[in-house]
Amino acid sequence: MIEVTETAIETDRLRQSLFNPGAGGFCVFEGWVRNENEGREVQRLEYEAHEPLVISEGNKVLAEARAQFPYLEARCVHRTGMLEIGDLAVWVGVASAHRDEAFKACRYIIDELKQRLPIWKKEHYVGGDSGWVNCERCAAHGQQ
Amino acid sequence: MIEVTETAIETDRLRQSLFNPGAGGFCVFEGWVRNENEGREVQRLEYEAHEPLVISEGNKVLAEARAQFPYLEARCVHRTGMLEIGDLAVWVGVASAHRDEAFKACRYIIDELKQRLPIWKKEHYVGGDSGWVNCERCAAHGQQ
Amino acid sequence: MTGSGKTITVRYFAMFREHAGRAEETLVLDVKTAQDVFEQTRLRHGSMEPNGHCKVAINDEMADWSSPVNDGDTVLLFPPVAGG
Amino acid sequence: MTGSGKTITVRYFAMFREHAGRAEETLVLDVKTAQDVFEQTRLRHGSMEPNGHCKVAINDEMADWSSPVNDGDTVLLFPPVAGG
């Protein structure tokens, strides 16, 4: 299951929701807003998502991960809106019988999510300017 | 930092203790007590550790992980005593600038921990017998 | 607009919304594929962005740039994504 | 016990503690290496466990089976580990 939320992600609630008595390994990845990107000091990040396609593509990604690395439970939540340094932007959790599947499925999910899901982030720099991440000319736009 | 505890591991407190403003990726592995091992129905697990060497060897493992996959923060806690199905036996968390180091360091730490640290577990089966894990003749001992 | 014009609703996201100065507009366009929609709106809004790392969806289904567009379709133009 | 006997404290963990029926004992042994201590205590307690996947520590430092033991040392015998 994948979700998009405008409010703070509750990691403890998510973790508990993945409990399964057959699970011996549980792997989580969290994306945090950090204070720097490509040498520029970042003050906050703004995330935008097109939710219907985040959900449909995200569920495809979860199914692909399960086909390759059979897991018992998996869940992903992506936050949108304006986030501060240290805020949690994305949470991916996978519970499986053994640790290998949990690690590999979790990694697959976050890697594919970053490449395929219609989510964008705009960096707001300490200097007051901003730029969309992953766009070759973002820096130029941001510095205008 | 690595710790051994006889009481429940507080995941949320650990997670918060690894916050670092330069961290963009955070990977956690948790080992949960599952209800089955090698075809036998498990009721609970008993963990024993020799703490001084868990600490010294564990800190070597954390340093080796950092040398290979430079991370910002890492922490590991292993529980001892009698645990029930679903209980958390071990928690490993790694925060790093980018996700690749977080995943790889976390995996390295748990893999080495399982091979090198003086920690043992005894499975207590539903039938009432028990056996030490990883010992070729455990099953025979347990069934005596 | 010609007799072959199709009524297409175009939705712009992130950087594209900023280029277009709007989130959505409905246009009558002489287009066959998603690529044609991209090119025509790019000209319209003076955007220089190539479609290399961009993606497109039609009626909320991911599509290829060569996918045909039909009268009444909604075409979503996605600049390079960056989740996580 | 011979004139070359060394006083060694042996600590048993997990399965080894169950085999030995005790967590620790102090013995006077005619031994040169950690391996010798393992063999002599194995004979003493009738354990059939080979040292293949076992580990040994001397005075709370991980050691090799070929490491020398000295009078007064504490030797820790670790059966195959299984953390996590």
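Our structure is the block above this text.
Residues numbered from 1 in each chain as written. Chains lettered and ligands numbered in written order. Predicted model: local features only at pLDDT ≥ 70, side-chain atom pairs only at ≥ 80, totals over all residues. Heavy atoms only, no water.

A. Representation of the overall build of chain C in the model. Looking only at helices and strands, one finds two helices and five strands in chain C. Its C-alpha radius of gyration of 12 Å places chain C within 12% of the 12 Å reference for a compact globule of 84 residues. Within chain C, the proportion of its 84 residues that are buried is 48%. For chain C, the share of sequence-separated contacts (at least 6 apart) that also reach a separation of at least 24 residues comes to 49%. Counting only carbon and sulfur atoms, one obtains 48% of the accessible surface of chain C, whose full area is about 4000 Å². A gap of 3 Å separates the mean positions of the 8 positive and 12 negative side-chain charges of chain C. (Helix = DSSP H or I, 4+ residues; strand = E, 2+ residues; numbered from the N terminus. Rg over C-alpha atoms; globule rule 2.2 N^0.38 Å. Buried < 20%, exposed > 50% of the residue type's maximum accessible area, 1.4 Å probe, protein only. Contact = heavy atoms within 4.5 Å. Areas by Shrake-Rupley, 256 points an atom, 1.4 Å probe, with all protein chains shown as cover. Lys, Arg positive; Asp, Glu negative; His and termini not counted. Charge placed at Lys NZ, Arg CZ, Asp CG, Glu CD.)

B. Local environment of the relation of the copies chain A and chain B. The operation relating chain A to chain B is a screw motion whose rotation component is 180°, with 0.0 Å of axial translation and a residual RMSD of 0.0 Å. Overall, the copies show the geometry of a two-fold rotation axis. Minimal C-alpha separation from the rotation axis in chain A is found for Val28(A), amounting to 2.5 Å. By residue overlap, the copies meet face to face through one surface: 100% of the interface positions of chain A are interface positions in chain B. (Least-squares fit on C-alpha atoms with pLDDT ≥ 70 in both.)

C. View of the packing of helix 2 (residues 51-68) of chain A against helix 3 (residues 99-116) of chain A. Residue and element names in this part refer to chain A. In contact at an axis separation of 9 Å, helix 2 and helix 3 are set at 150° when each is read in the N-to-C sense. Compared by their axis directions, helix 2 and helix 3 come out roughly antiparallel. Crossing hand, helix 2 versus helix 3: right-handed. Residues Glu 57, Lys 60, Val 61, Leu 62, Glu 64, Ala 65 and Gln 68 of helix 2 form the contact with helix 3, whose own contacting residues are Ala 105, Tyr 108, Ile 109, Glu 112 and Arg 116. Here the residues of the contact of helix 2 with helix 3 are counted per class, giving six nonpolar, one polar and five charged. (Axes fitted to C-alpha atoms, helices over the stretch in contact; angles between N-to-C directions. Parallel < 35°, antiparallel > 145°, perpendicular 65-115°, else oblique. Left-handed = near helix turned anticlockwise from the far one by under 90°. Nonpolar A, V, L, I, M, F, W, Y, C, P; charged D, E, K, R; others polar.)

D. Layout of the interface of chain B and chain D. Opposite the 26 residues of chain B that make contact, chain D presents 24 residues. Both faces combined, the contact of chain B with chain D buries some 2100 Å², and carbon together with sulfur accounts for 55% of it. For chain B, the biggest contributors to the area lost against chain D are His50(B), Leu53(B) and Trp120(B); these three give 27% of the whole. Measuring nitrogen to oxygen at the nearest pair gives 2.4 Å for the salt bridge that ties Lys122(B) to Glu18(D). Those elements that provide at least two residues to the side of chain B that touches chain D are strand 4 (40-49), helix 2 (51-68), strand 7 (88-96), helix 3 (99-116) and strand 8 (119-125) of chain B. Of the residues that constitute the side of chain B that touches chain D, the class distribution is 13 nonpolar, five polar and eight charged. (Buried area = accessible area lost by both parts, 1.4 Å probe. Salt bridge = Lys/Arg side-chain N within 4 Å of Asp/Glu carboxyl O.)

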